[in-house]
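Here is what each chain is made of, one letter per residue.
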Amino acid sequence: MAILVLGGAGYIGSHTVYELIDAGREVVVADNLLTGFRAAVHPKARFYKLDIRDRAAVDALLEREKIDGVIHFAASSQVGESMSDPLKYYDNNLGGTTVLLQSMVAHGIDKIVFSSTAATYGEPERVPIMESDKTAPTNCYGETKLAMEKMMGWTGRAHGLRYVALRYFNACGAHPSAVIGEAHDPETHLIPLILQVPNGQREQISVFGDDYPTRDGTCVRDYIHVCDLAQAHILALDYLTRDGESDVFNLGNGVGYTVNEVIETARRVTGHAIPAKMCPRRDGDPAQLVASSDKAKRVLGWKPRYDSLEDIVGTAWSWHKSHPHGFGGE
């Protein structure tokens, strides 16, 4: 029986596929390649180019392959774009998940692990954030992810589907082999943007706001290595295989770093000065986002292996230095 990874040509999805295959699992990948890369898919995974909004294509895959469980990364994920084009996010994220769940129910597949987000919480009431805290998204992306969680919950009540939603914070880093890594167009994530400076692709890094109520005035975020996220998805699927109940888990290192601290770490790792330019705050940026991952550690047995920011930035730098143009537009 195989595991179906939807969005397995994307950043976190491709790393999860590598971890699954390293663990001896049989893997099927489906991706429409709108934001993913064929070159990022592990050569041992069976690949289908399809869009999960296409019911006939999803049905055909599930009829052809013996699928034991699903890991779902296939969603649009740019916060800014979700605010300027919300209907795209409702169509892709909610529409796609609706079709997927209909097909899963029709084919008797009852386990799904879902890539959710810390954006479901909105502006946090306390730090670190607990799974029981209020969910009040401040952007359309977070709103659609929360709706996807609820859709799985109601589908579970009606049809016996069991799900795990993993709400994670700032995914970063790259596979230690530097064979795959982070490649977005446009790039919006802090660490790749910083590393474009020593790679000669930008002159400086912009810092949006230095007057937040934090230790140096810049925003604090919880950075979690992509391979640690990948391991959590595998543990979550194993948990469901052992008849675990549907649940939600935060994933983070539980340690917050300021933007300035990340830039300083990148300077040490790369040996480059990396000039920084202070800019006004961006609307909607919370001062601090840090996760409590105690529940994931207790229930799933998850333990991040990359708990040093230098190690995280180091793997990212190995990837970006050797792949300055990502996957070369493949």
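Our subject is the structure listed above.
Conventions we followed
Residues numbered from 1 in each chain as written. Predicted model: local features only at pLDDT ≥ 70, side-chain atom pairs only at ≥ 80, totals over all residues. Heavy atoms only, no water. Helix = DSSP H or I, 4+ residues; strand = E, 2+ residues; numbered from the N terminus. Rg over C-alpha atoms; globule rule 2.2 N^0.38 Å. Contact = heavy atoms within 4.5 Å. Areas by Shrake-Rupley, 256 points an atom, 1.4 Å probe, with all protein chains shown as cover. Lys, Arg positive; Asp, Glu negative; His and termini not counted. Charge placed at Lys NZ, Arg CZ, Asp CG, Glu CD. 1 Å grid on protein atoms, 1.4 Å probe; cavity = no way out; pocket = protein on both sides within 12 Å on 5 of 7 lines; lining within 4 Å. Points joined across faces, edges and corners; volume = space filled by probe spheres on them. Nonpolar A, V, L, I, M, F, W, Y, C, P; charged D, E, K, R; others polar. Salt bridge = Lys/Arg side-chain N within 4 Å of Asp/Glu carboxyl O. Core = buried A, V, L, I, M, F, W, Y, C linked by side-chain atoms within 4.5 Å. Buried < 20%, exposed > 50% of the residue type's maximum accessible area, 1.4 Å probe, protein only. Phe/Tyr/Trp six-rings, centres within 6.5 Å; stacked < 30°, edge-to-face > 60°. Lys NZ or Arg CZ within 6 Å of the ring centre and 35° of its normal. Pairing = 2+ DSSP bridges. Axes fitted to C-alpha atoms, helices over the stretch in contact; angles between N-to-C directions.

Here's the deal with the overall build of the chain
Move 1: Along its length, the chain carries 10 helices and 13 strands.
Move 2: Relative to its length of 330 residues, the chain is compact, with a C-alpha radius of gyration of 19 Å against a globular reference of 20 Å.
Move 3: Excluding contacts between residues fewer than 6 apart, the proportion of contacts in the chain whose partners are at least 24 apart in sequence is 77%.
Move 4: With the model as given, the accessible surface of the chain reaches about 14000 Å², and the carbon-plus-sulfur share is 49%.
Move 5: Between the centroid of the 33 positive side chains of the chain and the centroid of its 42 negative side chains there is a distance of 2 Å.

Some points on the layout of surface pockets
The rolling of a water-molecule-sized probe over the atoms marks out the regions of remaining empty space.
Move 1: The volume enclosed by the second largest pocket comes to roughly 220 Å³.
Move 2: Lining the second largest pocket are 19 residues; nearest its centre among them are A183, H184, P324, H325 and G326.
Move 3: Looking at the lining of the second largest pocket residue by residue, the classes come out as 6 nonpolar, 10 polar and 3 charged.

Section: unusual backbone geometry
Move 1: In this structure, P128 follows V127 across a cis peptide bond, with omega equal to 5°.
Move 2: Within the secondary structure, P128 is located in the loop between β5 (111-117) and α5 (140-159).
Move 3: Look at L33: it is not a glycine, yet its phi comes out positive at around 60°.
Move 4: Structurally, L33 is set in the loop between β2 (27-31) and β3 (46-49).
Move 5: Here the phi dihedral of D243 falls at roughly 70°; this positive angle occurs in a residue that is not glycine.
Move 6: Here D243 shows up in the loop between α7 (226-241) and β10 (247-251).

Section: the pattern of salt bridges
Move 1: If you walk through the whole model with that rule in mind, you get 20 salt bridges.
Move 2: Across the salt bridge formed by R268 and E310, the nearest N and O atoms sit 2.7 Å from each other. Placement of R268 in helix α8 (residues 259-270) and of E310 in helix α10 (residues 309-322) is noted, with a sequence separation of 42 residues between them.
Move 3: Beyond isolated ion pairs, a larger network of salt bridges with shared partners links E19, D228 and R305.

Focus on empty space enclosed by the protein
Move 1: Counted according to the given criterion, the structure contains 1 cavity of 30 Å³ or more.
Move 2: In this model, the largest cavity occupies a volume close to 40 Å³.
Move 3: Looking at the lining of the largest cavity residue by residue, the class counts come to 3 nonpolar, no polar and 4 charged.

Topic: the nonpolar core
Move 1: I12, V27, L166, I191, I194, L251 and L300 are the most contacted members of the largest nonpolar core, which totals 58 residues.
Move 2: Per element, the largest residue contribution to this core is 9 residues, and it comes from α7.
Move 3: In this structure L166 touches V113, F114, S115, S116, T117, A232, H233, A236, F249, L251 and L300, once residues within four positions along its chain are discounted.
Move 4: In terms of nonpolar packing, the next biggest core, distinct from the first, is built from 27 residues, L4, I67, F114 and V248 among them.

Details of the packing of aromatic side chains
Move 1: Throughout the structure, instances matching the rule amount to 3 aromatic pairs.
Move 2: Where W319 meets F327, the ring centres are 5.0 Å apart and the plane angle is 45°; that geometry is what we call tilted.
Move 3: Of the aromatic side chains, those joined through ring pairs into one cluster are F37, W319 and F327.
Move 4: The residue whose ring lies beneath R281 is Y212, and the NZ or CZ to ring-centre distance is 3.9 Å.
Move 5: Its guanidinium or amino end placed over the ring of F249, K295 lies 5.1 Å from that ring's centre, counting from NZ or CZ.

Let's talk about the sheet that holds strand β1 (residues 2-6)
Move 1: Spatially, β3-β2-β1-β4-β5-β6-β10 is the arrangement adopted by the 7 strands of the open sheet, whose pairing is parallel. Lying at the two open borders of the sheet, with one neighbouring strand each, are β3 and β10. Pairwise comparison of adjacent strand axes, ignoring direction, gives a mean angle of 20° for this sheet.
Move 2: Summarising the sheet, strand β6 (residues 162-168) and β10 pair through 5 bridges and their orientation is parallel.

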